[in-house]
Each structure stands twice: as structure tokens, then as C-alpha cells.
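Below are the chains, spelled out letter by letter.
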Amino acid sequence: MTSKNFFTAVFFLLILLLAFGMRAHTFFMPHWQGDEGLQVSLAMKYDALGLDALNRDRVELRPSVFAGFPGWQFMVVALDKNSDPGSVNESPGTHAPLFPVMLAASHRWLAPGQPFVVVQSKPEGDGRDMMFKKYFLRTQAWAVAVPLLSGLLTVVLMFFFIRRLWGVRAAFCAMIFSAVYPGWVAASVQVLPGVLTLFL
């Protein structure tokens, strides 16, 4: 490896680390906001029912608190087996399936045998996030992995695409832009299909 290739590889990795650092807080954010909850519910249905999920529109939502986490609210999503009042969600058949199916696959890989849990809310101004990192990595990492990896792969593809057209300098400029652009960062930290669409 020449010194030029070495410095290119090092700079590439530094930008990728920058992109990850700007998105890493997603592991500890609430992810039961708006359509995020819908995507988590759809993923649970696909995981539990496969294609039969297309005929199921009800899920059971269990707001939960866990010992040792005062002020933190979690949401556990499960099938509504007793037809009790829960949440009526739209059928998976009315939504593009790729993103929730990828969430379901991520859950099977990163949280096998665990319930579908995400953070619903956390205390304002709580500076103790570091205490809970291990717990969050065990619970909602499955949910944030898909948009986070899609966002990082978009940064990588941007480099190779632009390098092919205009060279290494332009590729690094484009890579830095995609790593720090607020809109792309925001899309990468939400459990929503937007960043996956951008990647594809």
C-alpha cells in the first residue's frame, strides 16, 4: 500500500467515525414517536405472523417502567390476543413492507426471544444516560440498527459514486457533506424508512 492510499484509507475511516458519532445518540433516544411506533408494530406483526400479518390490524401496547430507571417509560408491543382495548393500527398491507421486515430480521438477530421494546420517553435534563447504555444496547439496538446502518452505508456509497465521476477530492467533500448534513443525520436516527429509501 502506497502512502497516498494509506492516508486515503485513514481519512475515509475518520469521516465514517464522524458520521457514526453524529448518529450514535439514536441508541438512547425515545423511539415511540409518531410513525416510529407504527413501524415497530408492523415489525412485530411480521415477526410473529409472517404474511398472515397482512390480515391483522390490532396490537397490544403495554407502557412499562423497569426497576432502576425512575422516570423512564418503555413501550412493549405484542399481539392483541384477547381483543382488549389496545391500539388499532393500519394493516401492514397498506405500508411498504421492506423496512418493517428488515426491523423484524434485526430483532431476530440482535434480540432473539426478547419482546419488542423501545423507549417511549425519558426524563428531561437527565444526565445519567451513561448508566443506561448497556441496557439500551440490549433492548432497542435492534430498532435503530437498520436506519443507522442505512445512513452509514449511504455515506460510504456517496464516496465511491462521486470518486468514480470526479475523483478522490470531490468524493471526500461529498462524503463529509453526507456525514454531517442535518437532514440526513436526522433521518438516520429515526426508526422510519426514509433513510433506507435514500440508500436504495
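The notes below deal with the structure included here. (Residues numbered from 1 in each chain as written. Predicted model: local features only at pLDDT ≥ 70, side-chain atom pairs only at ≥ 80, totals over all residues. Heavy atoms only, no water.)

## Considering helix 1 (residues 3-23)
Okay, so step 1: In this model helix 1 runs 30 Å from its N-terminal to its C-terminal C-alpha over 21 residues, within 8% of the 30 Å that 1.5 Å per residue would give.
Okay, so step 2: When helix 1 is considered as a whole, its buried residues turn out to be F12, I15, A19 and R23. Taken around the axis of helix 1, the buried residues stretch over an arc of 75°, which confines them to a single face. Residues of helix 1 that are exposed and point more than 90 degrees away from the buried face comprise S3, F7, L17 and G21. (Helix = DSSP H or I, 4+ residues; strand = E, 2+ residues; numbered from the N terminus. Expected span 1.5 Å × (residues − 1). Buried < 20%, exposed > 50% of the residue type's maximum accessible area, 1.4 Å probe, protein only. Arc of directions from axis to C-beta.)

## Some details on the packing of helix 1 against helix 5 (residues 141-166)
Okay, so step 1: Where helix 1 contacts helix 5, the axes come no closer than 10 Å and their chain directions differ by 150°. Judged by the inter-axis angle, helix 1 sits roughly antiparallel to helix 5. In this structure, the crossing between helix 1 and helix 5 has a hand that is right-handed. Counted together, F12, L16, A19, F20 and R23 of helix 1 and L148, L152, V155, V156, F159 and F160 of helix 5 form the full contact between these two elements.
Okay, so step 2: Taken together, the residues of the contact of helix 1 with helix 5 sort by class into 10 nonpolar, no polar and 1 charged. (Axes fitted to C-alpha atoms, helices over the stretch in contact; angles between N-to-C directions. Parallel < 35°, antiparallel > 145°, perpendicular 65-115°, else oblique. Left-handed = near helix turned anticlockwise from the far one by under 90°. Contact = heavy atoms within 4.5 Å. Nonpolar A, V, L, I, M, F, W, Y, C, P; charged D, E, K, R; others polar.)

## Things to note about the environment of I15
Okay, so step 1: Its location among the elements puts I15 in helix 1.
Okay, so step 2: A C-alpha to C-alpha distance of 9.4 Å links I15 and V180, two positions 165 residues apart in sequence.
Okay, so step 3: With residues near it in sequence (within four places) discarded, I15 still touches F172, M175, I176 and A179.

## Here we look at the pattern of salt bridges
Okay, so step 1: Under the definition given, this model contains 1 salt bridge.
Okay, so step 2: With its nearest N and O atoms 2.6 Å apart, the salt bridge here joins R108 to D47. Of the two residues, R108 is situated in helix 3 (residues 98-110) and D47 in helix 2 (residues 35-49); the sequence distance between them amounts to 61 residues. (Salt bridge = Lys/Arg side-chain N within 4 Å of Asp/Glu carboxyl O.)

## Considerations on the packing of aromatic side chains
Okay, so step 1: This model, assessed by the stated rule, comprises 10 aromatic pairs.
Okay, so step 2: Judged by centre distance (5.1 Å) and plane angle (70°), the rings of F12 and F159 are edge-to-face. Of this pair, F12 sits in helix 1 while F159 sits in helix 5, placing them 147 residues apart in sequence.
Okay, so step 3: Residue classification places F12 among the buried residues on the basis of a relative accessible area of 14%.
Okay, so step 4: A residue is classified by how much of its surface remains accessible, and F159, at 2% relative accessible area, is buried.
Okay, so step 5: The rings of F11, F12, F159, F160 and F172 are connected pair by pair, giving a single aromatic cluster. (Phe/Tyr/Trp six-rings, centres within 6.5 Å; stacked < 30°, edge-to-face > 60°.)

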